[in-house]
Amino acid sequence: MITVDCHEVESIQNELLIYVADNVAAIPNIKYHEFVLSPIEEDDVIDTNEVITAIREFLESLGEQRNFAVISRGDVISIESVSGKVIERDAKQSAEGLFSCPHCGHITPYETVHQNHMKIHYF
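Worth saying up front: this structure is predicted, and the values here are computed from it rather than measured.

## Section: the overall build of the chain
When helices and strands are tallied, the chain shows four helices and seven strands. Computed over the C-alpha atoms, the radius of gyration of the chain is 15 Å, within 12% of the 14 Å expected from 2.2 N^0.38 for a compact globule of 123 residues. A total accessible area of about 7500 Å² is found for the chain, and carbon and sulfur atoms account for 49% of it. Averaging the positions of the 8 positive and the 21 negative side-chain charges in the chain gives two centres separated by 7 Å.

## Some thoughts on the pattern of salt bridges
One side chain can pair with another of opposite charge once the charged atoms of both are near each other. Tallied over the full model, the rule gives one salt bridge. Measuring nitrogen to oxygen at the nearest pair gives 3.3 Å for the salt bridge that ties glutamate 80 to arginine 73. For glutamate 80, a relative accessible area of 27% gives the class partly exposed. Taking relative accessible area as the criterion, arginine 73 reaches 49% and is therefore assigned partly exposed.

## Quick look at the sheet that holds strand E2 (residues 26–30)
With respect to topology, five strands assemble into an open sheet ordered E2-E3-E1-E5-E4, the strand pairing being mixed. Every interior strand has two partners, whereas the edge strands, E2 and strand E4 (68–73), have only one. Strand-to-strand twist in this sheet, taken as the mean axis angle between neighbours without regard to direction, amounts to 20°. Here E2 runs beside strand E3 (residues 34–39); their pairing, made up of five bridges, is antiparallel. Bridging across to E3, asparagine 29 finds its partner in valine 36. Sheet contacts for helix H2 (residues 48–61): strand E1 (2–5), E3, E4 and strand E5 (76–81); angle to E4, the most-contacted strand, approximately 170°.

What counts as what
- Residues numbered from 1 in each chain as written.
- Predicted model: local features only at pLDDT ≥ 70, side-chain atom pairs only at ≥ 80, totals over all residues.
- Heavy atoms only, no water.
- Helix = DSSP H or I, 4+ residues; strand = E, 2+ residues; numbered from the N terminus.
- Rg over C-alpha atoms; globule rule 2.2 N^0.38 Å.
- Areas by Shrake-Rupley, 256 points an atom, 1.4 Å probe, with all protein chains shown as cover.
- Lys, Arg positive; Asp, Glu negative; His and termini not counted.
- Charge placed at Lys NZ, Arg CZ, Asp CG, Glu CD.
- Salt bridge = Lys/Arg side-chain N within 4 Å of Asp/Glu carboxyl O.
- Buried < 20%, exposed > 50% of the residue type's maximum accessible area, 1.4 Å probe, protein only.
- Pairing = 2+ DSSP bridges.
- Axes fitted to C-alpha atoms, helices over the stretch in contact; angles between N-to-C directions.
- Contact = heavy atoms within 4.5 Å.

Function cannot be read off these values alone, since they describe shape.
Right under this line is the structure:
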């Protein structure tokens, strides 16, 4: 398991979680100021470098790669502001409309995708 500390980028935490989990093929679990990535199979290991790369790619897509450092301390990855800058987003907008599977943790912002995903657990 890898923990990603999002204290300084909390307004984009949900979008970041989706992007990173999709890129490293991991099961995400949302916490208050962080998220945890677990391997899909018990024997699998999540590569910390892949997680760091995915986080940096996401920050780059927002044009924020120079304002934040991605620091790894064992199994905890922190995203820290270099210049004291804070990413401002409407918290309601970023948290609104996320659908999470209670069985496996799959997360999507699309209700149709969520409904189709849920079918795999019941059919």
